Amino acid sequence: MSTITATVTIEDPIGLHARPAGQIVKLVKESGLEIRMGKVGEELVLANSPLRMMALKAKTGEQLTVEIDTDDQGLADSLIAQIQEFLKG
């Protein structure tokens, strides 16, 4: 299995808060895939817990790295697009 990596940008004026964190965690759990996220250049965390996501303390304008363990590029692209949508606020 390969790992697909992308970068998303936090556009929500409040930053990464409870609502988008919860939406991302729900998406991750529904996908059944291992997805990791974190600030660019920093250690990534499993995106299956809202507390882990909020512990990133990501602010508006910051970029996050997303890593998805899958060979399905189409599925990964769809998940990344949905995560970016959640981060728009």
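Shown above is the structure to which this text applies.
Residues numbered from 1 in each chain as written. Predicted model: local features only at pLDDT ≥ 70, side-chain atom pairs only at ≥ 80, totals over all residues. Heavy atoms only, no water.

**Q** How do you make sense of the pairing of strand β4 (residues 63–69) when you look at a structure like this?
**A** Taken residue by residue, a regular strand's side chains alternate between the two faces of the sheet. Most of β4 is tucked away: five of the seven residues are buried. Summarising the sheet, strand β1 (residues 3–9) and β4 pair through seven bridges and their orientation is antiparallel. Paired with alanine 6 across the two strands is valine 66, which belongs to β4. The sheet contact formed by strand β2 (residues 35–39) and β4 spans five bridges and is antiparallel. Residue pairing in the sheet places lysine 39 in a bridge with leucine 64 of β4. (Buried < 20%, exposed > 50% of the residue type's maximum accessible area, 1.4 Å probe, protein only. Helix = DSSP H or I, 4+ residues; strand = E, 2+ residues; numbered from the N terminus. Pairing = 2+ DSSP bridges.)

**Q** Just checking my understanding: could you explain the sheet that holds β2 for this structure?
**A** As a general point, the strands of a sheet are linked pairwise by backbone hydrogen bonds and lie either parallel or antiparallel. Pairing within the open sheet is antiparallel, and its four strands lie in the order β1-β4-β2-β3. Each edge of the sheet is formed by a strand with only one pairing partner; in this case those strands are β1 and β3 (45–46).

**Q** When you look at helix α1 (residues 18–31) in this model, what are you seeing that I'm missing?
**A** Every α-helix carries 3.6 residues per turn, so stepping three or four residues along brings you back to the same face. Between the first and last C-alpha of α1 there are 20 Å, a value that for 14 residues agrees with the 20 Å anticipated at 1.5 Å per step. Among all positions in α1, only Pro20, Ala21, Ile24, Val25, Leu27 and Val28 are buried. Taken around the axis of α1, the buried residues stretch over an arc of 160°, which confines them to a single face. For α1, the exposed residues lying more than 90 degrees away from the buried face are Lys26, Lys29 and Glu30. On its buried side, α1 packs onto β2, α2 (50–54) and α3 (73–86). (Expected span 1.5 Å × (residues − 1). Arc of directions from axis to C-beta. Contact = heavy atoms within 4.5 Å.)

**Q** Hey, could you run me through the pattern of salt bridges in this one?
**A** Side-chain pairs of opposite charge can arise whenever the charged atoms involved come near each other. Enumeration over the complete set of coordinates arrives at seven salt bridges. Between glutamate 34 and arginine 36 there is a salt bridge, with the nearest N and O atoms lying 2.9 Å from each other. By relative accessible area, glutamate 34 is classed as partly exposed at 42%. A relative accessible area of 15% places arginine 36 in the buried class. The salt bridge involving glutamate 67 is made with arginine 36; its shortest N-O contact spans 3.1 Å. Remark: arginine 36 occurs in strand β2 and glutamate 67 occurs in strand β4; sequence separation between them is 31 residues. (Salt bridge = Lys/Arg side-chain N within 4 Å of Asp/Glu carboxyl O.)

**Q** What am I meant to see in the nonpolar core here?
**A** Buried together is how nonpolar side chains tend to be arranged in soluble globular proteins. Leu16 and Ile24 are the most contacted members of the largest nonpolar core, which totals 25 residues. Considering every element that reaches this core, the biggest residue donor is α1, with five residues. Excluding residues that lie within four positions of it along the chain, leucine 16 makes contacts with Ile10, Ala21, Ile24, Met53, Leu56, Ala58, Leu64 and Leu87. (Core = buried A, V, L, I, M, F, W, Y, C linked by side-chain atoms within 4.5 Å.)

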